[in-house]
Amino acid sequence: MRELATELAIVGAGPAGLAAAEIALRHGMPVCLIDDNPAPGGQIWRGGQAGAAMAGHPKLRLLTATRVVAAPAPNCLLLESADGASQLSYHRLLLANGARERLLPFPGWTLPGVTGAGGLQALVKSGLDVRGKKVIIAGSGPLLLATALSLKAAGAQVIQLAEQASLASVSRFALHLWHWPGKLTQALMLGWQLQQVPYAMNTHVRAALGNDRLQAVRLRRGDEEIELACDWLAVGYGLLPNLELARALGCKTHHGVVEVDHVMRTSRRDVFAAGELTGIGGVDKAQLEGRIAGLLIIGEYDRAVALAKRRRRWLRFAAALEQHFSLQPAIAQLASADTVVCRCEDVRFGRLAKCGSWREAKLHTRCGMGPCQGRLCGAACETLFGWQNAGSRPPVFPARLDTLAGNPSTAEVT
Amino acid sequence: MTLIHIKINGESVTVAAHSSVAAALAGRPNRLSVGETAPRAAFCGMGVCFECRVTIDGQSQQRACQVLVREGMEILCDA
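Definitions and limits used
- By convention here, each chain's residues receive numbers from 1 onward along its written sequence.
- The lettering of chains begins at A and the numbering of ligands begins at 1, in the order of writing.
- This being a predicted model, a pLDDT of at least 70 is required before a residue's local features are given, and a value of 80 or more before pairs of side-chain atoms are given or counted; all residues contribute to the totals for chains, interfaces and linings.
- In this description a helix means any DSSP run of H or I spanning at least four residues, a strand means any run of E spanning at least two, and both kinds are numbered starting from the N terminus.
- When we talk radius of gyration, it's over C-alpha atoms, and the globule rule is simply 2.2 Å times the number of residues to the 0.38.
- Neighbour density around each residue's C-beta defines its exposure: 20 or more other C-beta atoms within 10 Å make it buried, 12 or fewer make it exposed, and counts between make it partly exposed, where C-beta atoms are placed from the backbone.
- The contact criterion used here is simple: two residues whose C-beta atoms, placed from the backbone, lie within 7 Å are in contact.
- Between any two strands, at least two bridges found by DSSP are needed for them to pair.
- Reported domain spans reflect what an automatic or database domain assignment gives.
- Each axis is a line fitted through C-alpha atoms, and for a helix only the stretch in contact is used; angles between axes span 0 to 180 degrees, taken between their N-to-C directions.
- A set of buried Ala, Val, Leu, Ile, Met, Phe, Trp, Tyr and Cys residues, joined through C-beta atoms within 7 Å, is what we mean by a nonpolar core.
- For every residue, the predictor assigns a confidence score, pLDDT, that lies between 0 and 100.
- In these notes the angle categories are as follows: under 35 degrees is roughly parallel, over 145 is roughly antiparallel, 65 to 115 is roughly perpendicular, and the rest is oblique.
- By convention, the crossing between two helices is left-handed when the near helix turns anticlockwise from the far helix through less than a right angle, and right-handed when the turn is clockwise.
- Under the convention adopted here, Pro, Cys and the residues Ala, Val, Leu, Ile, Met, Phe, Trp and Tyr are nonpolar, Asp, Glu, Lys and Arg are charged, and Gly plus all remaining residues are polar.

1. Focus on the overall build of chain A
Okay, step 1: Each helix and strand in chain A was counted, giving 14 helices and 21 strands.
Okay, step 2: Taken over C-alpha atoms, the radius of gyration comes to 21 Å for chain A, in line with the 22 Å a tight globule of 414 residues would show.
Okay, step 3: Principal-axis analysis of the C-alpha atoms places the extent of chain A at approximately 60 × 50 × 40 Å.
Okay, step 4: Burial status across chain A gives 50% buried among its 414 residues.
Okay, step 5: Long-range pairs, those at least 24 residues apart, make up 65% of the contacts in chain A with a sequence separation of at least 6.

Okay, here's the thing in structure tokens:
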């Protein structure tokens, strides 16, 4: 087992993690930045330049394609990468490991060709060729528009954008955007660039159709249903914080976010959290919170407090997002008895509907016990059945036995 | 654009450098569901759902969306 030590460990090299790392490095503090992705910049933002600019810094250890598997002892993380396992000891820890998409079941959602909304954007940004392909983007929230723009820029033909929220709700959100001029400008730019793309409100995907691959999508708009042929369907219902590691560390969470004070301290001493973990608010909120945490960590308490005053307007933005793009009841009722809910273990809605809790579902159906560890179906069951899934047991990420046994990865598994 | 040569189930494929393995698979099924009845392909695109698991250069259970292609890489799909 490789032994590493650092002053500041940052999990997540997205906008929050990079902003904090920049401040700590400028102060001369050794930083270890860990990210599951092959490159820094974050899953949605992909601010690769910010990461690249920092990459050669002598006090930075950048561990990409590396997962945090467990927190086996105080001030210690167990990491795994293709090179094997390592143990990282740290004095301070910043959790900036972001969010994932809320992906909800509907008939046909397991067909190849159906992806998350941010998911298809991520695939395109990592090189997926969509030139000339017909794409439908559906679900909820502003990420759909950003996805549409990325797809269009990559040469895809976005034939329909479908937002489940009502026109009234989206309009109210748009009318509030003047509070955040940067976001308003961004929205106007998006609107201009996407003016050729049909954008329907109060519309959701009823089913994905096809045998071995997606061929068409059935959309429901108000009382009418339409079918559109397409090559890709990207569906996402907003973002959810990745809470597994925070919970494993014993950080308090509340209403699905990590609890922090005004300067990003969690309930655990020397553990800080910034970005989507503390509430879904996008890149500006994440960068600001990363800077606040960074300042506090280098001992600049007064500057951190001064900067924290700006956080309020981004918390209001986060609240506005949540309010105006809240899910309509129909979205939780799309699955039929034979719709797969747990994709890892192939557990269908009909079997889950007979269970009374997340725990019972796990025991009787193996729901949530596959490699994703309930990352998808846990959130889906919360939306579908109202089950709370607050537990988190180590390892927080699937790991090789060698890693867990503390042995150096000597032999290749054959 | 730099091109990289890889093999998917023994078949030679040329893709852009810096592509992920999932992007190289281009939506083709990479595994069968637990019941071995239905084909599955990359879904979340962000390393969360584990639907895109493939064998890469002999190492099984690799998430295709989190691994970048390398010259000569051999990818095995189960579907």
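2. Details of the sheet that holds strand S11 (residues 199-200) of chain A
All names here are of chain A.
Okay, step 1: One open sheet accounts for 5 strands, arranged S8-S15-S9-S10-S11; its pairing is parallel. Of all strands in the sheet, those with a lone pairing partner are strand S8 (114-115) and S11, marking the two edges.
Okay, step 2: Pairing of strand S10 (residues 157-163) with S11, which is carried by 2 bridges, proceeds in the parallel orientation. Within S11, the residue paired with Leu161 across the bridge is Tyr199.

3. Some details on the pairing of strand S14 (residues 224-229) of chain A
All names here are of chain A.
Okay, step 1: Note that strand S13 (residues 216-221) and S14 share 6 bridges and pair antiparallel. When the bridges of S14 are listed, Leu219 appears paired with Ile226.
Okay, step 2: Between the antiparallel neighbours S13 and S14 lie 2 residues, among them Gly222 with a positive phi of about 60°.

4. Overview of the domain arrangement of chain A
Okay, step 1: Domain boundaries assigned for chain A yield domain 1 (2-99 + 240-320), domain 2 (103-237) and domain 3 (335-385).
Okay, step 2: The centre of domain 1 of chain A, based on its C-alpha atoms, is set 31 Å off from the matching centre of domain 3 of chain A.

5. Overview of the sheet that holds strand S12 (residues 203-209) of chain A
Residue and element names in this part refer to chain A.
Okay, step 1: Strands sit in the order S12-S13-S14 across an open sheet of 3 strands; the sheet is antiparallel. Of all the strands in the sheet, the pair left with one neighbour each is S12 and S14. Here the average twist between neighbouring strands, direction ignored, is 25°.
Okay, step 2: Bridge count between S12 and S13: 6 bridges; the pairing is antiparallel. Within S13, the residue paired with Ala207 across the bridge is Arg218.

6. What about the nonpolar core?
Okay, step 1: If you look at the biggest cluster of nonpolar residues, it comprises 83 residues, and the most contacted ones within it are Val135(A), Ile137(A), Leu233(A), Val341(A) and Val21(B).
Okay, step 2: Sorting elements by how many residues they give to this core places helix H4 (residues 143-153) of chain A first, with 6 residues.
Okay, step 3: When residues are assigned to domains, this core turns out to be shared by domain 2 (103-237) and domain 3 (335-385) of chain A, each giving three or more.
Okay, step 4: Not counting residues up to four positions away in its chain, the partners in contact with Val135(A) are Val130(A), Leu151(A), Ala156(A), Gln157(A), Val158(A), Ile159(A), Cys230(A), Asp231(A), Trp232(A) and Ala234(A).
Okay, step 5: Membership of the second largest hydrophobic core comes to 68 residues, among which are Val11(A), Ala19(A), Met29(A) and Val68(A).

7. Describing H4(A)
Okay, step 1: Burial of H4(A) is extensive: 8 of the 11 residues sit out of reach of the surface.
Okay, step 2: Residues of H4(A) that are buried sit in contact with helix H3 (117-125), strand S9 (134-140), S10, helix H6 (181-193) and strand S15 (232-237) of chain A.

8. Brief notes about the confidence of the model for chain A
Okay, step 1: With 97% of its residues at a pLDDT of 70 or more, chain A shows a mean pLDDT of 94.
Okay, step 2: Across residues 408-414 of chain A the pLDDT falls below 50, and counting only partners more than four positions away or on other chains, this stretch makes 9 contacts in the model.

9. Considering the packing of helix H8 (residues 283-297) of chain A against helix H9 (residues 301-308) of chain A
Residue and element names in this part refer to chain A.
Okay, step 1: Between H8 and H9, the shortest axis-to-axis distance is 7 Å and the interhelical angle comes to 160°. Classed by the angle they form, the pair H8 and H9 counts as roughly antiparallel. The two elements H8 and H9 meet at a crossing, and its hand is left-handed. Where H8 approaches H9, its residues Leu288, Arg291, Ile292, Leu295 and Leu296 are matched on the opposing element by Tyr301, Arg303, Ala304, Leu307 and Ala308.
Okay, step 2: Looking at the contact of H8 with H9, its residues break down into 8 nonpolar, no polar and 2 charged.

10. A look at the environment of Arg131(A)
Okay, step 1: One can find Arg131(A) in the loop between H3 and S9.
Okay, step 2: Distance from Arg131(A) to Ala156(A), taken between C-alpha atoms, is 4.9 Å for residues 25 residues apart in sequence.

11. A short note on the interface of chain B and chain A
Okay, step 1: In this assembly, 33 residues from chain B lie in contact with 34 residues from chain A.
Okay, step 2: Going through the elements one at a time, strand S2 (11-16), helix H1 (21-25) and strand S4 (39-40) of chain B are the ones with two or more residues in the side of chain B that touches chain A.
Okay, step 3: For the side of chain B that touches chain A, the class distribution of residues is 20 nonpolar, 11 polar and 2 charged.

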